[in-house]
Structures are given as C-alpha cells and as structure tokens.
Amino acid sequence: MKSLKRILKQFASPYKKDFILGITFNILYSLFSIVSVVSIMPILDMLLGGSVKQKETLDHVKEQAENGFFSELKYQIYLFLQNNIHNMGEKKFLSILCVSVILLFFLRNVFRYLAQYFIVLLRSGVSKDLRSALYNKILTLPVSFFTEKKKGDIMVRLSNDVTEIEGNTLNAILELWRTPFSLIFTLITLLIISPSLTLIALIVLPFMAWIISSIGKSLKKDARKGLTESGNVLSIIDETLNGAKIIKIFNAEESMKNRFQKSVSNLRKLSISMMKKYELASPSSEFLGSVAMIFITWYGGVLILDGNKGLDLASFLVYIALFFQLLEPAKTLSTSISNLHKGSASTDRLVETLDTNIQIHEPENPVKLTGLKDSISFNNIFFQYQEDHPILTNVSIEIKKGKTVAIVGQSGSGKTTLVNLLARFYDVDSGSILIDGHNLKSLDLKEYRKLLGMVTQENILFNDSVINNIRLSNPNATMEEVVSAAKAANALEFIEQLPEGFETSVGEGGMKLSGGQRQRITIARAILKNPPIMILDEATASLDTKSERVVQEAFENLMSNRTSIVIAHRLSTIVKADIIIVMEHGKIMEQGTHQELLAIDGIYKKLIDMQNFS
Ligand SMILES: Nc1ncnc2c1ncn2[C@@H]1O[C@H](COP(=O)(O)OP(=O)(O)OP(=O)(O)O)[C@@H](O)[C@H]1O
C-alpha cells in the first residue's frame, strides 16, 4: 500500500479537482438513487388506498409520530400530500407526483454522468502522466538496466501495469469512497421504513454474501491459472512466428505442435473447471438471493398482516426495491477491496522502476568538453559486469587525436565492453579513462556524448522514415546536409530509388531494407552528426562483394579526419589502422601497426593466418 500512496501522491494530486468533483457527483448519485425510489412511495400509497388518501389512517401515522423524528417527518409529508390531494383532486396530484419522480430520476442520471465524466478525466490523466514518467525514466536509465531487466518485463510495466492502475486500482479507490455512503444512505432509509425488518435482513445478508463470495474466490483462482496458460499459448505462437525459418530448417514442426497441443489442452481443462464453477455461481447466488427475499417477504407480510406495526404495503414494496439496491454497493465494496490487493503488485513494480537509482553518477561541477584536442587514454582499466567475473584487466591504451585504432580478438575477448566504457554506458571499476587529461567521470555526460558517434553491429533503425532515422543524430540538419551525409555513406543512390525517397518508412527495426542498406543509413546518421570521436563495430554479416565494397567505402568516409575506434573484422580496415590492439580474455596481448605485429609473429599473426578477427 506504500507504493500506492506514493503513486497517488505524485500522479493523482494534479487531478484533485476532478477527484473531488467525481466523488461529490457520485455521492449525489447515490443519494438521488434512494430518493427517486422512495418518491414512488406516495404514488403507490395513493393507488393502494393507503394512509395518504384516508384521513383516518393518517391519524394512525400521527400516533406513531410520537415514536421519533422520522415518523414525525413521514406524518408531516403525508399530511402535506393529503392536503394537496384535497385541494387539487386525486388525478391532477397524481400527475404532479409522477412528474416529480421523473425529475428525480433524471437528476440521478445527470449526476451519474457527471461523476463518470470527472472520473474519466482523472483516470486518463493519471495513466498519461504515469506512462510519460516511466518512459522518461527509461530514457535516463543506464544501459546496464536493460540487460538486467528483460525487455518484455519493461513492456509489461508500461502497458499492463499502468492499465491495471488506471482500470482497477483507481476505480477501486473511487468506489471505496462512494459505496460506504451509498450503503449508509440505503441502510438508514431501510431502517426508517422498517427497523425490525432491516434487523432481520442484516442477519440473513452477510450469510448469503459469504456463500456467494466463497464460490467467487475459488473461481478467481482458476481464472488466474487460466490467464497464465493463455499467456503460454500466446508466447508459443509468438515464438513460432519469429522462429519460422529455424522450425522449418530443423523439421521442428512436430515438437512445436506437441508443445502447443499440451498448452491448449491445459487451457481447456482450466476453462472447463472455471466454467463449472462459474455456471454454478449464478444459479446458486440467484437461489440464495430468492431464499433471502422470500424470507424478508414472509417477515414483512407478517408485519403487514399484524397491522399496527408501522409497515404498510406501499412502504413494503419500496423497501424491497431499496433492498435490491443495497446488494450492488455491498458487492462493489468487496470487489474493490480485492482489486486494490490485486493491483498492489502492479504499483510495487511501477514504483520500483520509477525509483530505480541511476548508476551512472555525474559530478556536481562537471567539466564541459567542446572538442577533442589531444588524446584519449585508457589507464590500467579493470571492469566486471558481475561480482568475481572480471572482463577487462589491466587495459591501457593511448589514442592520439585523428588516429584510427582497430581492436581485434576472438569473440568474447572484451572488445565491445571496451568501447562501452568509452561511451560511458558503464563505469570502470578501477583505473581511469582520460579525455584530454580529464577523467571521464568528471565530465558533463551529455556534452561529452556530443563528441561521440557510434555505429553498432545491430544497425538500429526506428520505425520511421529514412530521413527521420538519419536526422536522429542532428534534428536541425538541413535537407542538403542530410543528402550529403547519405552520399558520403553511399546511401543516396538506393534511397532515391525507394518508393517515397527519403520519406519512405523503413518498417519495424528497418525490416523493409536489406542488411547493407540498413548499415549505410546508420553510417549516414553518424556522418550527419559529424563528431570528433567515432566508435564503430564493423558487422560480421557477410555482404555480397559489391555491397561489401560500397559499405567499406562508407566506413572509410566516416572515419576520415576523425579519431576512430573500430572493432574491426575486415582485413582492409585493420591494415590501414594506426594502432591495432589485440585482445584475449579481457587483456591486451599485443599492440602496434600491422607490420610491427606481423613481425612479432604472435597472436595477431595467427589471427591473420586464420582470418578470424571476430
Ligand atoms: N551485459 C552483460 N552482462 C554480463 N556479462 C556480459 C555482458 N555483456 C558482455 N558480457 C560478457 O563479457 C565478455 C566480453 O563480452 P564482449 O561483448 O565485450 O566481447 P566481444 O569481444 O565484443 O565479443 P564479440 O566479438 O562476440 O562481440 C563475454 O564473456 C560476455 O559474456
């Protein structure tokens, strides 16, 4: 509940006005629901020939008036009504009564609409602000957060958890405000109409509610299992669609079919067990409801037949109608309490995300670098992602401005980790990275990242137009600048041939483009930023010779006149580099130019001989 309080304090307080208005109109709605039903009482009484019409029986009401305030009130109202009947005549007065009742019902529904209107303003506002806050938080989180938490988990937090709060939790809170009023108003009215009948009803009602809710609870347990199983069915479908090629190549249709069959059979079993209880729930609650109703009718009947017990037929009919109205808020109250508990898992998860501590700390007075003047140096770096699993040990590199460094080594040797540290996606555990002599940790990170460009192996494109994907690095770039970046990246020719040129959408993850095209767009993006330091991870994906040459040329344009750090896979890139760093198990084993390293006749020479640079 602590997390719920925190969410409400931050996200519901801007909508306090809507909350108060929603609750106020809801209370008015409850009040008018009762008043409108009670207002039928004199009409029924008139038609049934009760006290309103007959002077003698009114004396009987008067006698009871000595018993208390409410009987006195009833007497005064009936007296007023009787006088009006005498003055206007029965039929005219009946019409006036009916019009008044219509008016009351109308008002009741107006209040209901207004309550819903303000509640929608509150709910949609809270969910909009909550989603934005989560998204903004995600943008500020360090890269380490995304590898530790699964992508799906973050998506669930942004969609399901927010929907749970918007739909169930907020509703439950609003209902917890409304229903007690509704219950109390109805109960007071029932007590006024007949105290003894109400006492009997209060004994029967909780017993009935207990039986109905026990059936409901066991139903919910199955429903939860059912939801998990339908999640499994969906994930198998999702995996099948994503892995269609692999399933076909490995002839895995049969085993996938079996997995799916098992899951849908389980789902069926749960559905049957759920439906059995569900179908049992309505008849049994209806039966128990009727038993309670008949019991009350019997007792009410006895009171009427006894006469002199203060209950007439009109009051009794209104009593029954109100009694039914009592059931609704009682049920809502219990579901609201259980929804609040159900939603607490979601609020906990959201608060956990919102309160995640940013691990990359910036100093209070950061140094703002505007360019690279001299060099980048890695001094005796140690780094590990997890305790006791060192990834980089004792790494030292000196990179002079304008030089190209190629990092080579077997897969898993720590090449990507090294450039991740330079981009400050992670912080070194010991040692330091100095940019022009300033420790990376002392820099203004936003300003520092303006000096960096990056092309990763994954060639990340967003589901947007080609131009917007290129402009991501420099939103204010002119069309001429975009075109020249595309030209330098050898991408202009194919972009112009796309159906809508620069405006063509690249599809999700850029799937409407080929691998080489995707790569050239990411290169154009980096060129458009024109940063002094470029980090590149050459893709290992093999392209045909022509594409390979075109991409290679684009890479060369990208690196020229810059300080470049390349995780290199192409021999041509490696040979041209000013320094080649050879890594193995997180250590630098050899360092030098191509000729120098060949002369050593060590690991580099072996790698070249095996043509294995990844
Ligand atoms: N986020 C992470 N959490 C934990 N361990 C990681 C993480 N990223 C990488 N590693 C581990 O760190 C080691 C070095 O990985 P890194 O990606 O730097 O290697 P690499 O030389 O770039 O490999 P490749 O050429 O295959 O991309 C590997 O053993 C890998 O399992």
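So, here's what we can say about the structure. Everything quoted here is computed from the prediction, not taken from an experiment.

It is worth spelling out the pairing of strand β1 (residues 375–384) at this point. For a regular strand, the rule is simple: side chains alternate between the two faces of the sheet. Across seven bridges, the pairing between β1 and strand β2 (residues 390–400) is antiparallel. Looking across to β2, one finds that isoleucine 381 is bridged to valine 395. Linking β1 to β2, which pair antiparallel, is a turn of five residues; within it aspartate 388 sits at a positive phi near 60°. Summarising the sheet, β1 and strand β4 (residues 430–435) pair through five bridges and their orientation is antiparallel. Residue pairing across strands places isoleucine 376 opposite isoleucine 435, the latter belonging to β4.

Residues Leu48, Leu313 and Leu317 make up a contiguous nonpolar surface patch of roughly 260 Å² in combined accessible area. One can find leucine 313 in helix α12 (residues 313–354).

Before going further, it helps to examine the site of the ligand. Looking at the ligand, there are 13 residues lining it, with Ser411, Gly412, Lys415, Thr416 and Thr417 nearest. Measuring from an oxygen atom of the ligand, one finds a side-chain N or O atom of serine 411 at 2.6 Å. Examining the composition of the shell around the ligand, we find that three residues originate from one element, helix α13 (residues 415–422), more than from any other. Residue classes in the shell around the ligand are distributed as three nonpolar, nine polar and one charged.

Next up on the list: the pattern of salt bridges. Where charged atoms from two side chains of opposite charge come close, those side chains can pair. Taken as a whole and judged by the stated rule, the model has 10 salt bridges. One salt bridge in this structure joins glutamate 398 and lysine 400, with 4.0 Å as the shortest N-O distance. Note on glutamate 398: relative accessible area 40%, which makes it partly exposed. Among the salt bridges present, the one from arginine 424 reaches aspartate 427, with a minimum N-O distance of 2.7 Å. Residue classification places aspartate 427 among the partly exposed residues on the basis of a relative accessible area of 21%. What you see here is one network of salt bridges that share partners, running through Asp374, Glu398 and Lys400.

Relative to the elements of secondary structure, histidine 438 occurs in strand β5 (residues 438–439). C-alpha separation for the pair histidine 438 and valine 367, spaced 71 residues apart in sequence, amounts to 8.0 Å. Setting aside chain neighbours within four positions, we find histidine 438 in contact with Val367, Leu369, Ile433 and Leu443.

Before going further, it helps to examine the sheet that holds strand β6 (residues 452–455). As summarised here, the arrangement of the six strands in space is β6-β7-β8-β3-β9-β10, forming an open sheet in which the pairing is mixed. Of all strands in the sheet, those with a lone pairing partner are β6 and β10 (587–592), marking the two edges. Across the sheet, the mean angle separating the axes of adjacent strands is 15° when strand polarity is ignored. Pairing analysis gives four bridges linking strand β3 (residues 404–409) to strand β8 (residues 563–567), with the strands arranged parallel. Of the residues in β8, the one forming a bridge with valine 405 is isoleucine 565. Along the sheet, helix α22 (residues 603–610) contacts β3, β9 (579–584) and β10; its crossing angle with β9, the most-contacted strand, is approximately 90°.

Rules and cut-offs
- Residues numbered from 1 in each chain as written.
- Predicted model: local features only at pLDDT ≥ 70, side-chain atom pairs only at ≥ 80, totals over all residues.
- Heavy atoms only, no water.
- Pairing = 2+ DSSP bridges.
- Helix = DSSP H or I, 4+ residues; strand = E, 2+ residues; numbered from the N terminus.
- Patch = residues over 30% accessible without salt bridge, like charges linked within 9 Å, V, L, I, M, F, W, Y side chains within 5 Å.
- Areas by Shrake-Rupley, 256 points an atom, 1.4 Å probe, with all protein chains shown as cover.
- Salt bridge = Lys/Arg side-chain N within 4 Å of Asp/Glu carboxyl O.
- Near = heavy atom within 4 Å.
- Polar contact = N/O pair within 3.5 Å; in protein donor to acceptor, adjacent residues only side chain to side chain.
- Nonpolar A, V, L, I, M, F, W, Y, C, P; charged D, E, K, R; others polar.
- Buried < 20%, exposed > 50% of the residue type's maximum accessible area, 1.4 Å probe, protein only.
- Contact = heavy atoms within 4.5 Å.
- Axes fitted to C-alpha atoms, helices over the stretch in contact; angles between N-to-C directions.

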